[in-house]
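Working through the structure, step by step
What follows is each chain in one-letter form.
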Amino acid sequence: MSRKQIFLILFLGIYTHLVMAGTMPEGSWNVIPHPQQVTLTGGSPFTLTASTTIRVSRKGGSEVCRCARFLKDYIRDITGVKVKITTRRRVGQIALALTDSFKHAEAYRIKATPGEVSIVGSSGAGLFHGVQTLRKALPMAAGATAVTLPSAEIADYPRFGYRGFLLDVGRHFFSFERIKTIIDELALHNINYFHWHLTEDQGWRLAVDGYPRLTTIGSHRIGSQIQNGTVDTIPVSGYYTKSQVREIVKYAADRFITIIPEIDMPGHMSAALASYPELGCTGGPYKVQNKWGVFPDVLCAGNPATLKFVKDVLAEVLRLFPSPYIHLGGDECPKERWKQCPKCQARIEELHLTDEPGHSREEQLQTWFMQQAAQQVTSHGRHVMGWSDVLKGKPDESMTVLAWTGPEAVSESARRGYSTIVCPISNFYLSDPYSLRRKGRDSFSAIYDYPVVPSSLTPAQARHITGVEGCIWTEWVSDEKELQRELLPRLAALAEVQWTQPQKKNLDRLLMCLPHMEALYRSLGFDFRTDLFD
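Residues numbered from 1 in each chain as written. Predicted model: local features only at pLDDT ≥ 70, side-chain atom pairs only at ≥ 80, totals over all residues. Heavy atoms only, no water.

Structural notes on helix α6 (residues 242–254)
Counted at 1.5 Å a residue, the expected span for α6 with its 13 residues is 18 Å, and the 18 Å between its end C-alpha atoms agrees. Among the residues of α6, V245, I248, V249, Y251 and A252 are the ones counted as buried. One side of α6 carries all its buried residues, which in axial view fall inside an arc of 160 degrees. Along its buried surface, α6 packs onto α4 (176–188), β11 (193–197), β16 (258–265) and α8 (304–320). Where α6 ends, the next residue or the one after it, F256, has phi of about 60 degrees, a positive value. (Helix = DSSP H or I, 4+ residues; strand = E, 2+ residues; numbered from the N terminus. Expected span 1.5 Å × (residues − 1). Buried < 20%, exposed > 50% of the residue type's maximum accessible area, 1.4 Å probe, protein only. Arc of directions from axis to C-beta. Contact = heavy atoms within 4.5 Å.)

Have a look at this one:
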């Protein structure tokens, strides 16, 4: 037996004795979201100390090295232990690598033994999820000189490839730095799509070349509707510059999160109409709205200048956002202005649109309008998203539908063969007033126990359900602290709905894990609701 082997045996024996004596903080693989398979193998734990190194393969590439840097920082922040990154093999390492042997694009495997923890991912994203699992498994032990992790084998992959979260910054604006914090929170919960709702009746938040009034006029309003129905006099303003957008896109991409921009059309466009009144059916005057609701003035579908505006805006969006998805809205578009507008009626006649069962000619005009916008997106190899309101018409079969109104919309979308994202207002709108009335365990179970796949669907139809999204709309969310408290800790429940297979879910287990997750929130400076255990 070599001197090195003798030293290793003595080293492990001493540390095993210390662990059993309770002198070192011990981690747990019982994390959120719960992995698909966790097997505790028994025996001595892995001990992490300042002598531990993170090993990356020389052929690992930039994604492996990036994951290693994240892990190094996580270990330091959670335990206080400072480790180094190396390409050299030795005992007592955390090894990161990629493999092409997994079937799922975001799968990973962790194997923890006394001598090594290995994390192998099917992609950079899979490896990153494995790193997040290790991060959440670490004990909160700032100032410790050593911590341990139980010996275990973990095999994991997500239930849904699309795991989204929407933030509405149109009704209330949130800072550039807050958006980065939101992205950090999504990464912690294995969420891979940030749906950025950038335009609304109450504010336009994106700088667009050639249309300066969108930000000089459309990004400002005086006052907001408050709970008693009156309007206050507090100014609301703000928008994101192109350089800020590029930085946020990169910040998210570094964490394997894709940002999906939304330019909601042809309704919810009061801010744009206030900026450029010629885009509406009546010519105005219009204002940036300071109340909530659905407003009759929408983009004029019969005006060629409106289509040019839409295509110019989308050209800017396509340059700024490399996302495979561009969301075009399509929800809550009243048709009364179109019924009275000579240009819209002329367009209807030109297109030979007629009323059909379940689809008025104005609804078909919206389908045509959305198709014109969609062509701008698809011609660049991107995919179009829209709210389930578009099902009132006949959208292109390639559209991804976000079914927000309830299970009926989910069922209709899936039965008609559209890729369907489940985001019901009743359960996954975290800022909805009805949702906020739920307290304690009920606030979690409403999300956790929601039947994502309607029982009425056949297995073939159910395969069209490709993801789940949670949303925060900001009518009643005016400050960053309130935003955080509506997001956390319920994001943990949403994360398991998105990630964990139904037969592996267990709300009692999730709630038992939550105190550790909340301790992690505190350490990261995240605010959160504390009424769960009231």
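Points about the packing of helix α10 (residues 342–350) against helix α11 (residues 361–378)
For the pair α10 and α11, the least separation of the axes is 10 Å and the interaxial angle reads 85 degrees. Between α10 and α11, the angle falls in the class roughly perpendicular. Residues C344, Q345, R347, I348 and E349 of α10 lie in contact with α11, whose contacting residues are R361, E362, L365 and W368. The residue inventory of the contact of α10 with α11, partitioned by class, reads 4 nonpolar, 1 polar and 4 charged. (Axes fitted to C-alpha atoms, helices over the stretch in contact; angles between N-to-C directions. Parallel < 35°, antiparallel > 145°, perpendicular 65-115°, else oblique. Nonpolar A, V, L, I, M, F, W, Y, C, P; charged D, E, K, R; others polar.)

Details of the side chain of H268
Assignment of secondary structure puts H268 in the loop between β16 and α7 (270–275). In this structure H268 touches R171, E200, D201, G293, D331 and E332, once residues within four positions along its chain are discounted.

Considerations on the pattern of salt bridges
Taken as a whole and judged by the stated rule, the model has 23 salt bridges. With a shortest N-O distance of 3.0 Å, R441 and D508 are connected by a salt bridge. With R441 in helix α15 (residues 440–448) and D508 in helix α19 (residues 507–524), this residue pair connects regions lying 67 residues apart in the sequence. By relative accessible area, R441 is classed as partly exposed at 41%. Put simply, D168, R171, E200 and E475 are held in one network by salt bridges that share partners. (Salt bridge = Lys/Arg side-chain N within 4 Å of Asp/Glu carboxyl O.)

What to know about the pairing of strand β8 (residues 146–149)
One face of the sheet, then the other: side chains in a regular strand alternate in exactly this way. A two-sided burial pattern is seen for β8, the buried positions comprising A146 and T148 on one face and V147 and L149 on the other. Of the strand pairs in this sheet, strand β2 (residues 46–49) and β8 are connected by 4 bridges, and their pairing is antiparallel. Bridge pairing links F46 to L149 in β8. (Pairing = 2+ DSSP bridges.)

So, the sheet that holds strand β7 (residues 116–121)
In spatial order, the strands read β1-β9-β6-β7-β5-β3-β4; together these 7 strands make up an open sheet with mixed pairing. Single-partner strands in this sheet number two, and they are β1 (37–40) and β4 (84–86). Shown here is a sheet whose adjacent strand axes are inclined to one another by a mean of 15 degrees, direction ignored. Along the sheet, helix α3 (residues 124–137) makes contact with β5 (93–98), β6 (108–112), β7 and β9 (152–156), crossing β7 at roughly 145 degrees.

What about the packing of aromatic side chains?
Inspection of the entire model under this criterion finds 21 aromatic pairs. Judged by centre distance (6.5 Å) and plane angle (15 degrees), the ring pair of F165 and F194 falls under stacked. Of the two residues, F165 is situated in strand β10 (residues 162–168) and F194 in strand β11; the sequence distance between them amounts to 29 residues. Neither residue differs from the other here; F165 and F194 are each classed as buried. Centroid distance F173 to Y240: 4.7 Å. Interplanar angle 35 degrees. Geometry classified as tilted. Placement of the pair is F173 in the loop between β10 and α4 and Y240 in the loop between β15 (235–237) and α6, with a sequence separation of 67 residues. On the basis of relative accessible area, Y240 is assigned to the buried category, the value being 1%. Cation over ring: R135 sits above Y74, and NZ or CZ is 3.8 Å from the ring centre. If you follow K505 out to its NZ or CZ, it ends over the ring of Y448, 4.6 Å from the centre. (Phe/Tyr/Trp six-rings, centres within 6.5 Å; stacked < 30°, edge-to-face > 60°. Lys NZ or Arg CZ within 6 Å of the ring centre and 35° of its normal.)

Any functional reading would require information beyond the geometric quantities listed.
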